[in-house]
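# Residue-level structural notes
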Amino acid sequence: MTTNKKTIMITGGNSGLGFAAAKIIASRYKDYQLILACRNLEKANMAVNELQKSTDNQNIIAMELDVSSLHSVRKFVANFQAADLGLLDGILCNAGINGNNTGLTKDGFDVVFETNHLGHFLLTNLLVPFMREDGRIVLVSSDMHNPPGDNLTWPGVPALAYPSESLNTHFIRYSYSKLCNLYFTYSLVEKLAYMKSKITVNAFNPGLLTTTNFAPDKSRFTEEFMKQIEDRIGTLEVSSEALANLMTDSKYDYVTGKYFDRGVEILSSPLSYDENNRTELWKKSIAYTDLKVTETLPELVK
């Protein structure tokens, strides 16, 4: 049933940052419809029930989505179309895993690369045709795209998709996946601008949230390293508020192509603005996902 309600889809919205942001949006805007797109549908439905009770907003639904599976992404989009939920006002690419996860997905890609970048790349491209002309896209990146004391050098996309032993540390694989989020953001902004689209795209850093289930095992961090990242530690309360605002506040109506650190617009790392690297990532991502011209706006498949 088509609706005129504003609709925001949040990946990984059943817990942590995504859940907290959903709660703020649902509480403030009773006329907003929220779609929690989650890997575990049972947990997602529990989150929906909890949000409906705590916010008195019944316009919240759960849909199954595993961004580590290209098949699941395409199935989700097909189900979204079939459900006739109206046009999307917002896409919040929030789901992600830390670098402690290892191995390959069923698609044959590194699990961190596909979960944190490739799945969201495909999802966003497939959903852009179903967005309102003034829609918003926000990708949750991380300041670890520029890790302390470690100057990243771009190894090329294949090295990230199929990592060798040299890239097999949990820090480095996560950092590169978050760098990919920024390359994706900046490339999509450029392509939408070329098309005269009013859709905005921004990236967001929540800081290291030590109270969520996403937080890495801090026992692996040295005291010296913890001192280095002291100013990078965020809180769920501040970060979720900033993220909810970025998705809904009218002051961001025309803001695009920016990187927000817990609500403050800053510059991302110098490496994140490398045009050659992001062009390579875009082209390889199209090839890896087998994205067709007929599946998205044709101008994006370039």
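The notes below deal with the structure included here. (Residues numbered from 1 in each chain as written. Predicted model: local features only at pLDDT ≥ 70, side-chain atom pairs only at ≥ 80, totals over all residues. Heavy atoms only, no water.)

### Regarding the sheet that holds strand E5 (residues 131–140)
Sheet strands pair via backbone hydrogen bonds, and the direction of the pair is either parallel or antiparallel. As a reminder, the rule being used: Only when DSSP finds a minimum of two bridges between them are two strands counted as paired. Each helix is a run of DSSP H or I of at least 4 residues and each strand a run of E of at least 2, with the numbering of both proceeding from the N terminus. For helices, the fitted axis covers only the stretch in contact; all axes are lines through C-alpha atoms, and the angles between them, taken along N-to-C directions, range from 0 to 180 degrees. Any pair of residues with heavy atoms lying within 4.5 Å of one another is described as a contacting pair.
Read across the open sheet, the eight strands follow the order E3-E2-E1-E4-E5-E6-E9-E10; overall the sheet is mixed. At either margin of the open sheet sits one strand with a lone partner, and together these are strand E3 (60–64) and strand E10 (264–266). Averaged over all neighbouring strand pairs, the angle between strand axes comes to 25°, with direction disregarded. Here five bridges tie E5 to strand E6 (residues 200–205), and the two strands are oriented parallel to one another. Looking across to E6, one finds that Val138 is bridged to Asn202. In the packing of helix H2 (residues 41–55) onto the sheet, contacts are made with strand E2 (32–38) and E3, and the angle to E3 comes to roughly 170°.

### Topic: the side chain of Ser239
Spelled out, the test is: A 3.5 Å cut-off defines polar contacts: any pair of N or O atoms within that distance qualifies, except that in protein one atom must be a possible hydrogen donor and the other a possible acceptor, and neighbouring residues in sequence count only when both atoms are side-chain atoms.
Mapped onto the secondary structure, Ser239 falls in helix H8 (residues 236–248). Among the polar contacts listed, one links the side chain of Ser239 to the backbone oxygen of Pro206, at a separation of 2.6 Å.

### Quick notes on the packing of aromatic side chains
For clarity, the threshold we go by: Two rings from Phe, Tyr or Trp (for Trp, the six-membered ring) form a pair when their centres sit within 6.5 Å of each other. Planes less than 30 degrees apart are called stacked, planes more than 60 degrees apart edge-to-face, and all others tilted. Between buried and exposed lies partly exposed: a residue is buried under 20% and exposed over 50% of the maximum accessible area for its type, with that area taken using a 1.4 Å probe on protein chains only.
Following the criterion strictly, the structure yields 13 aromatic pairs and no others. Judged by centre distance (6.4 Å) and plane angle (70°), the ring pair of Phe80 and Phe130 falls under edge-to-face. A residue pair is termed long-range when its members are at least 10 positions apart, and Phe80 in helix H3 (residues 70–83) and Phe130 in the loop between helix H4 (111–127) and E5 qualify at 50 residues. Judged by relative accessible area, Phe80 falls into the buried class, the value being 3%. Geometrically, the ring pair formed by Trp154 and Tyr176 is edge-to-face, given 6.3 Å between the ring centres and 70° between the ring planes. With a gap of 22 residues between them, Trp154 in the loop between E5 and helix H5 (157–161) and Tyr176 in helix H6 (residues 170–194) connect regions that are remote in the sequence. Accessibility assignment for this pair places Trp154 and Tyr176 in one class, buried. Taken together, the aromatic side chains of Phe109, Phe113, Tyr162 and Tyr288 make up a single cluster linked through ring pairs.

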